[in-house]
Amino acid sequence: MATITYRQATMADADDIWKIIADAKAVMSIDQNPQWDNGYPSPEIIKADIAKGYAYVLLLGDEVVATATLWQERDVNYQRLQDGRWQYPTKRRPYAIIHRMAVSFQHQGYHLSTVLFMHLFETARAKGITYLRIDTHTKNKKMQAISVRRGFTYRGKLAGDRVAYDIDLNESEN
């Protein structure tokens, strides 16, 4: 079996990342999950994530098989949480957000999202960030289940039919 590696994405990875995102969009469409409809995310967003140094990839041998963005800036969409509250108020504790996580269609079912989450947690800790947030569409049951399995706690709803979770890496066994 090929070796699994993890690293920060480069512009040379943009096409591979886009293919994984496009595959994920197709699966979401089949699942009637509108999370990534209407042109989001776009190749331009993927390239911007890479340029900021926020995009990461998981490789199986030399093949990019999974991707995620560890967003390290405040997100205005996270300011208004409905029907709940964050573990820590936004002003009290810095956080990063896991966005645009996807595993290649051909490699789903091998728990690569677990491996990717573990590496993202390590990356966050190395950057001094121990509080993470994540969100997904209410119809994205797969991502909701994966988030909970990785230790995230449901916190409430965001605009656009999205559910929000967070995790304190200092209190987590992950």
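This structure is a prediction, so every number in the text was calculated from the model and none was measured.

**Student:** How should I be thinking about the packing of aromatic side chains in this particular structure?
**Tutor:** Aromatic ring pairs are reported here in terms of the distance separating the ring centres and the angle at which the planes meet. By the definition in use, this model includes 10 aromatic pairs. Relative to Y95, the ring of Y78 has its centre 6.4 Å away and its plane inclined at 25°; by these criteria the two rings are stacked. Note that Y78 is positioned in the loop between β3 (63-71) and β4 (96-103) and Y95 in the loop between β3 and β4, a separation of 17 residues in sequence. Taken as a pair, Y78 and Y95 share a single burial class, namely buried. A ring pair is formed by Y95 and Y131, whose centres lie 6.4 Å apart and whose planes are at 80°; its orientation type is edge-to-face. With Y95 in the loop between β3 and β4 and Y131 in strand β5 (residues 131-137), this pair connects stretches of sequence that are 36 residues apart. Exposure class is identical for Y95 and Y131. Each is buried. Feature note: the residues Y78, W86, Y88, Y95 and Y131 constitute an aromatic cluster, connected by ring pairs. Sitting over the face of the ring of Y88, R93 holds its NZ or CZ atom 4.4 Å from the ring centroid.

**Student:** Is there a simple way to think about the packing of helix α1 (residues 14-30) against helix α2 (residues 43-52) in this case?
**Tutor:** Each pair of packed helices gets described by two things: the angle between the helix axes and the distance between those axes. For the pair α1 and α2, the least separation of the axes is 10 Å and the interaxial angle reads 130°. Looking at the two axes, α1 sits oblique to α2. Considering only the axes of α1 and α2, their crossing is right-handed. Facing α1, whose interface residues are A14, I17, W18 and I21, α2 presents P43, I46, K47 and I50. In terms of residue class, the contact of α1 with α2 is made up of seven nonpolar, no polar and one charged.

**Student:** Got a minute to help me understand the environment of H111 in this structure?
**Tutor:** Residue position: H111 is located in the loop between β4 and α3 (112-126). The class for H111 is exposed, based on a relative accessible area of 58%. Sequence separation between H111 and A9 is 102 residues, and the spatial gap between their C-alpha atoms is 20 Å.

**Student:** I tried to follow the environment of T130 on my own but got confused; where do I start?
**Tutor:** In this fold, T130 is placed in the loop between α3 and β5. For T130, the residues in contact, after removing those within four places along its chain, are R93, I167, D168, L169 and N170. Only 2.7 Å separates the side chain of T130 from the side chain of R93, close enough to count as a polar contact.

**Student:** Is there a simple way to explain the environment of G53 in this structure?
**Tutor:** Mapped onto the secondary structure, G53 falls in the loop between α2 and β2 (55-60). Separated by 19 residues in the primary sequence, G53 and Q72 have C-alpha atoms spaced 9.6 Å apart.

**Student:** What exactly am I supposed to notice about the pairing of β4 here?
**Tutor:** For a regular strand, side chains alternate in direction, first toward one face of the sheet and then toward the other. Counting buried residues in β4 gives eight out of eight residues, a clear majority hidden from the surface. Pairing of β3 with β4, which is carried by five bridges, proceeds in the antiparallel orientation. Bridge pairing in β4 places T67 opposite A102. The pairing of β4 with β5 spans three bridges and is classified as parallel. Looking across to β5, one finds that A96 is bridged to L132. In terms of handedness, the path from β4 via α3 over to β5 forms a crossover that is right-handed.

**Student:** Explanation requested: the sheet that holds strand β7 (residues 162-168) in the structure shown.
**Tutor:** In a beta sheet, neighbouring strands pair by backbone hydrogen bonds and run either parallel or antiparallel. Here seven strands make up an open sheet; going across it, the order is β1-β2-β3-β4-β5-β7-β6 and the pairing mixed. The open sheet has two edge strands, β1 (4-8) and β6 (153-158), and neither has a second partner. Across the sheet, the mean angle separating the axes of adjacent strands is 30° when strand polarity is ignored. Running over the sheet, α3 touches β1, β2, β3, β4, β5 and β7 and is turned about 155° from β4.

Rules and cut-offs
Residues numbered from 1 in each chain as written. Predicted model: local features only at pLDDT ≥ 70, side-chain atom pairs only at ≥ 80, totals over all residues. Heavy atoms only, no water. Phe/Tyr/Trp six-rings, centres within 6.5 Å; stacked < 30°, edge-to-face > 60°. Helix = DSSP H or I, 4+ residues; strand = E, 2+ residues; numbered from the N terminus. Buried < 20%, exposed > 50% of the residue type's maximum accessible area, 1.4 Å probe, protein only. Lys NZ or Arg CZ within 6 Å of the ring centre and 35° of its normal. Axes fitted to C-alpha atoms, helices over the stretch in contact; angles between N-to-C directions. Parallel < 35°, antiparallel > 145°, perpendicular 65-115°, else oblique. Left-handed = near helix turned anticlockwise from the far one by under 90°. Contact = heavy atoms within 4.5 Å. Nonpolar A, V, L, I, M, F, W, Y, C, P; charged D, E, K, R; others polar. Polar contact = N/O pair within 3.5 Å; in protein donor to acceptor, adjacent residues only side chain to side chain. Pairing = 2+ DSSP bridges. Right-handed = clockwise from strand over helix to strand, strands pointing away.

Treat this as a map of the structure, not an account of what it does.
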